[in-house]
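Per-entry structural report
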Amino acid sequence: VQLQASGGGLVQPGGSLRLSCSASIRIFSMDVMGWYRQVPGKERELVATINTKIRTGGSTTYADSVKGRFTISRDISENSVYLQMNNLQPEDAAVYYCNGRNGPRIYWGQGTLVTVSS
């Protein structure tokens, strides 16, 4: 299973970015997919998850720090998961990783760097 993350970049505070994660398999074969982020010297932290089973309706969870600003979504036909990030702040700067879980198996994509600076 390969997960390809993209969409990172440099944005000013208050700006927006949309991250994409494209999977090499049907995402509904996963239990859940999500986005994590990591800054140097800190542990990787959960940002948001979305249930990718078709019948679940795509239920989502968010870290408190991003609620109301970030939105995770899925496109089953595109085998992709997205993270719309609005009102970005300097503390959101990190390498963002796409993640997928299927039972005990966990898959990671390569990171995409988000820089928030004026």
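Per chain, the residues get numbers from 1 upward, laid out in the order the sequence is written. Where local features are concerned, this predicted model is filtered to residues with pLDDT of at least 70; where side-chain atom pairs are given and counted, the filter is 80 or more; whole-chain, interface and lining totals use all residues. Side-chain measures were taken over the full set of non-hydrogen atoms in the model, leaving aside hydrogen atoms and water.

Some thoughts on the packing of aromatic side chains
Side-chain rings of Phe, Tyr and Trp (the six-membered ring for Trp) are treated as a pair once their centres are within 6.5 Å; stacked means planes under 30 degrees apart, edge-to-face means over 60, and tilted covers the remaining angles. Scanning all chains against the criterion turns up 2 aromatic pairs. Between tyrosine 36 and tryptophan 108, the ring centres sit 5.0 Å apart and the planes meet at 70°, which makes this aromatic pair edge-to-face. Here the residue tyrosine 36 occupies a position in strand S4 (residues 32–38), and tryptophan 108 occupies one in strand S10 (residues 105–108), the gap between them amounting to 72 residues. When its relative accessible area of 22% is taken as the criterion, tyrosine 36 is described as partly exposed. Judged by its relative accessible area of 38%, tryptophan 108 falls in the partly exposed class. Members of the aromatic cluster, connected to one another through ring pairs, are Tyr36, Tyr97 and Trp108. The positively charged end of arginine 18 is found above the aromatic ring belonging to tyrosine 82, 3.9 Å away from the centroid. Sitting over the face of the ring of tyrosine 97, arginine 44 holds its NZ or CZ atom 3.7 Å from the ring centroid. By definition, any uninterrupted DSSP run of H or I lasting at least four residues is a helix, any uninterrupted run of E lasting at least two residues is a strand, and each is numbered from the N terminus. Residue exposure (1.4 Å probe, protein chains only): buried if accessible area is under 20% of the type maximum, exposed if over 50%, otherwise partly exposed. Remark: a charge is flagged as sitting over a ring if the NZ atom of Lys or the CZ atom of Arg is within 6 Å of the ring centre and within 35 degrees of the ring normal.

Describing the confidence of the model for the protein
Overall, the predicted model of the protein reaches an average pLDDT of 95, with 100% of residues at or above 70. How sure the predictor is of each residue is captured by pLDDT, a score from 0 to 100. When mean pLDDT is taken per element in the protein, strand S11 (residues 112–116) scores highest with 98 and S10 scores lowest with 95.

Remarks on the environment of isoleucine 72
Structurally, the position occupied by isoleucine 72 is in strand S7 (residues 70–75). A residue is classified by how much of its surface remains accessible, and isoleucine 72, at 4% relative accessible area, is buried. Note: C-alpha distance between isoleucine 72 and threonine 60 (12 residues apart in sequence) is 7.2 Å. By the convention used here, residues are in contact when the closest approach between their heavy atoms is within 4.5 Å. The contacts of isoleucine 72, once residues within four sequence positions are left out, are Met33, Gly34, Trp35, Ala48, Thr49, Ile50, Thr60, Tyr62, Val81, Tyr82 and Leu83.

Examining the state of the cysteines
In this description, the term disulfide denotes a pair of cysteine sulfurs within 2.5 Å. Inspection of the entire model under this criterion finds 1 disulfide. Here cysteine 21 is linked by a disulfide to cysteine 98, with a sulfur-sulfur distance of 1.9 Å. Handedness here is read from the sign of the S-S torsion; for cysteine 21 and cysteine 98, about -75°, the answer is left-handed. With cysteine 21 in strand S3 (residues 17–23) and cysteine 98 in strand S9 (residues 94–102), this pair connects stretches of sequence that are 77 residues apart. On the basis of relative accessible area, cysteine 98 is assigned to the buried category, the value being 0%.

Describing the pairing of S4
Counting buried residues along S4, 5 of its 7 residues qualify, which places the element largely inside the surrounding structure. A pair of strands is treated as paired once DSSP finds two or more bridges between them. Bridge count between S4 and strand S5 (residues 45–51): 6 bridges; the pairing is antiparallel. In the sheet register, methionine 33 faces S5, and the bridge partner there is isoleucine 50. Adjacent in sequence and paired antiparallel, S4 and S5 are bridged by 6 residues, among which glycine 41 carries a positive phi angle near 85°.

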